[in-house]
Amino acid sequence: MSGSFFTIEGMHVETNFGKDKLWDKPVINQPEIGYLGFIVKQFDDGYKFLVQAKIEPGNINYVQLSPTIQATKSNFTQVHGGRKPDYLEYFTDSQKMVVIDQLQSEQNERFLRKRNRNIVIEVKEEIETKDNFIWMSLIEIKAAMNIDNTVNMDSRTVISNLQLDHLIKYYNYRFNSNNIYAKSMLSDFSLESFKNLKSWLTELKFKYDLLVSPKRLDNLEGWKISDRAIESNGYESYRVIAVDITISNREVAKWTQPLMEALAEGLFVFITAKINGVIHFLVQAKFESGCFDKVELAPTIQCFKNRQDVPFINLIKNKHLYLSKYDSMQSEEGGRFYREQNRNMIIEIDNVDMLNNVPENYKWMTLRQLYKFIEFNNYVNIQARCLLSLIDYR
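Just so we're clear, the structure is a prediction, and the values are computed from it rather than from any experiment.

Draft legend 1. The arrangement of the pattern of salt bridges in detail. This structure, assessed with the given rule, holds 23 salt bridges. Here Lys41 and Glu126 are joined by a salt bridge, their closest N and O atoms 3.8 Å apart. Of the two residues, Lys41 is situated in strand S3 (residues 34–43) and Glu126 in the loop between strand S8 (115–123) and strand S9 (133–136); the sequence distance between them amounts to 85 residues. Residue Lys41 is classed as buried on the basis of its relative accessible area of 5%. Among the ionic pairs, Arg110 bridges to Glu340, the shortest N-O distance being 2.8 Å. Of the two residues, Arg110 is situated in the loop between strand S7 (97–105) and S8 and Glu340 in the loop between strand S20 (337–338) and strand S21 (341–349); the sequence distance between them amounts to 230 residues. Note on Arg110: relative accessible area 8%, which makes it buried. You can call Glu340 buried: its relative accessible area is 4%. Through salt bridges with shared partners, a single ionic network connects Lys19, Arg307 and Asp309.

Structure below.
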């Protein structure tokens, strides 16, 4: 054992927000920051991203489209004794041409303050296309996101960091300013000012507490440890299992590790509506135990599909009330989660008045405002970012 990579640890949580005030749970503690990065290059037919067909032990269909590099610090410093990740030298080059470079959070409910470096670099020179890699346009990547469990979570989070000027550039002149989502990115109109939205978030962080402390795994209230898993005695919809893994084309070919296994599918939904002709997203300020600063912006609905006690969940059951704009199954990251898939939806309602009286931790925002929050670290959670990555601006 190297003692690196990650550990499963116990956590005790106390809060004065919501109906659940205290609970215990196992979490993934991985304090190191890894690379999630794409190389992008201009070809005769436009800009393309270097995409990897990557096998992960927890993937539903084993192989998914991942970024050029997807590696923990322990991976690229070779703690495991294996080879370095392909193309690492391009990301460590101090002279690299940076398109985006940000630290963004991972799943805040099952990681403890976990972040990865989301980065895109542009190269001019010819580079070798190695086995299991392919050049794809942004349009092709987004089209692949419409196919269930094809583009992995790490690709989606990196793509979500691309701002308006990047999208215009990498859509190869096919960015459509008349597209309803493009209009929401371009418009100066919004229901509330960005200043007021920041103040709203600050007020929530000031008003509510979220206290997290370590606790022994064998002393977690509501959990039991067997010879096969760490499991909940209650409503928690996941457990921790151990797996033996053999993959021939990885830096290390064989190893054993724990994985989080979901016992139900998740449901991540953005409810949208036109306000003065501009699409707005109903955004939740969600308190999650692994957040760096208590709360991050999340989809309108973010839960396991068997939950019946979250706001707006009944709306999804009434299909006549909304128009489905995006609806696909997307996987969680297969290096930490075992065959977990979640239904990702963006829906549009005709009558915004039906959602006027929303809870205090919900606000209507334009895409322009959401992407302004994404420019800063730890404001928009990974479920929201992955949903935004599905949007096509043609």
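So, next bit.
Draft legend 2. Quick peek at the sheet that holds strand S14 (residues 254–262). Read from one edge of the open sheet, five strands run S11-S12-S13-S14-S20, paired in mixed fashion. Each edge of the open sheet is held by one strand with a lone partner, namely strand S11 (223–225) and S20. Relative to S20, S14 is paired through two bridges, and the arrangement is parallel. Within the sheet, the bridge partner assigned to Glu261 lies in S20 and is Tyr338.

Draft legend 3. How the structure looks around the sheet that holds strand S10 (residues 210–215). The strand order across the open sheet formed by three strands is S2-S1-S10, and the pairing between neighbours is antiparallel. Of all strands in the sheet, those with a lone pairing partner are strand S2 (22–29) and S10, marking the two edges. Neighbour-to-neighbour, the strand axes of this sheet turn through a mean angle of 35°, independent of strand direction. Sheet analysis places strand S1 (residues 7–15) next to S10, joined by six bridges and oriented antiparallel.

So, how was this worked out
Residues numbered from 1 in each chain as written. Predicted model: local features only at pLDDT ≥ 70, side-chain atom pairs only at ≥ 80, totals over all residues. Heavy atoms only, no water. Salt bridge = Lys/Arg side-chain N within 4 Å of Asp/Glu carboxyl O. Helix = DSSP H or I, 4+ residues; strand = E, 2+ residues; numbered from the N terminus. Buried < 20%, exposed > 50% of the residue type's maximum accessible area, 1.4 Å probe, protein only. Pairing = 2+ DSSP bridges. Axes fitted to C-alpha atoms, helices over the stretch in contact; angles between N-to-C directions.

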